[in-house]
Amino acid sequence: HTHTPGSLHSRDKRIQKLEDIKGLKVRAPNKAMSQAFDLVGANTVFLPVTEMPSSLSKGVIDVAVLPYEVVLPMKIHELVSHHTEFKGTGLYTNTFIFSMNKKVYDSMPADLQKVIDNNSGITLAGHIGELFDTYEVFARKFAVDRGNTFDYIEGAEHQRWEKAMSPIAEEWVEDMNDDGYDGQRLLDKTKLLIKKYQDKQ
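Here's what I pulled together on the structure shown here.

## Observations concerning the pattern of salt bridges
And then number 1: Here the structure, examined in full by the defined rule, presents eight salt bridges.
And then number 2: The salt bridge involving D151 is made with R14; its shortest N-O contact spans 2.7 Å. Of the two residues, D151 is situated in strand β6 (residues 149-153) and R14 in the loop between β1 (7-10) and β2 (25-27); the sequence distance between them amounts to 137 residues.
And then number 3: Between R160 and E19 there is a salt bridge; the shortest N-O distance is 2.4 Å. With R160 in helix α7 (residues 155-178) and E19 in the loop between β1 and β2, the pair connects residues that are 141 residues apart, well separated along the chain.
And then number 4: When salt bridges with common partners are traced through the structure, they connect E19, E157 and R160 into a single cluster.

Written out as structure tokens, the structure is:
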């Protein structure tokens, strides 16, 4: 499953267009996003999620990059004044997976395998995804109620961000090809699935 696409949560500066993030200290959520922010002129910082509140308050970072479901419990909305959301395909999302050693699974009695089978797969993924989506709406409201500003990256401006960060996707495709997969096919299929389920919202 994935979490809801992350947004930018800025301490002092509104981020309304690509140029606005240049020079800002941004806490990147993963390696790919760190590389993407480097491409658009931001200064990326790696630190644990638990250190973000103190880092924002001390000016170690200017921008936290998170879904709202993390913003609320960390009280990030009380430390920033501005939020920038990416419409359409969003900015990024992290993927989560529960996995089990196949040999261990195969060694289990059939009745225990059935317990695992009945509590995993697409049904569980959908359930967790729904929980993320519901809590995202709930958590975002706290930032709204506080009076923070909200900006939206969409349409032509969204395309500018996509184009500027596209070398990251191109590099991923090459890495997949090197590993023996059809990287472009996987990327295209992912984009089609995202569009399919966005259209159902």
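Okay, back to it.
## Some details on the pairing of strand β4 (residues 63-66)
And then number 1: Residues V63 and V65 point to one face of β4 and A64 and L66 to the other, with burial holding for every one of them.
And then number 2: With four bridges joining them, β1 and β4 adopt antiparallel strand pairing. Residue S7 lies in a different strand from β4, and its bridge partner there is L66.
And then number 3: With two bridges connecting them, β2 and β4 associate as parallel partners. If you follow V26 over to β4, its bridge partner there is V63.

## A short note on α7
And then number 1: Here α7 spans 33 Å end to end across 24 residues, near enough to the 34 Å set by a 1.5 Å rise per residue.
And then number 2: When the local axis directions of α7 are compared, the greatest deviation, roughly 50°, occurs at M165, which is followed within four positions by the proline P167.
And then number 3: For α7, the full list of buried residues reads E157, H158, W161, M165, I168, V173 and M176.
And then number 4: Within two residues after α7, G180 carries a phi angle of roughly 95°, on the positive side.

## Quick word on the pairing of strand β5 (residues 82-86)
And then number 1: Buried residues dominate β5, accounting for five of its five residues.
And then number 2: Residues H82, T84 and F86 line one face of β5 and the alternating positions H83 and E85 line the opposite face, and both faces are buried.
And then number 3: In this sheet, β5 lies alongside β1 in antiparallel orientation, the contact comprising three bridges. Each bridged residue has a counterpart across the sheet, and for S10 the counterpart in β5 is H82.
And then number 4: One ladder, built from five bridges, connects β5 with β6; its direction is parallel. Across the sheet, the residue bridging to H82 is T149, located in β6.

Conventions we followed
- Residues numbered from 1 in each chain as written.
- Predicted model: local features only at pLDDT ≥ 70, side-chain atom pairs only at ≥ 80, totals over all residues.
- Heavy atoms only, no water.
- Salt bridge = Lys/Arg side-chain N within 4 Å of Asp/Glu carboxyl O.
- Helix = DSSP H or I, 4+ residues; strand = E, 2+ residues; numbered from the N terminus.
- Buried < 20%, exposed > 50% of the residue type's maximum accessible area, 1.4 Å probe, protein only.
- Pairing = 2+ DSSP bridges.
- Expected span 1.5 Å × (residues − 1).
- Bend = angle between axes of the 7 residues up to and from the residue.

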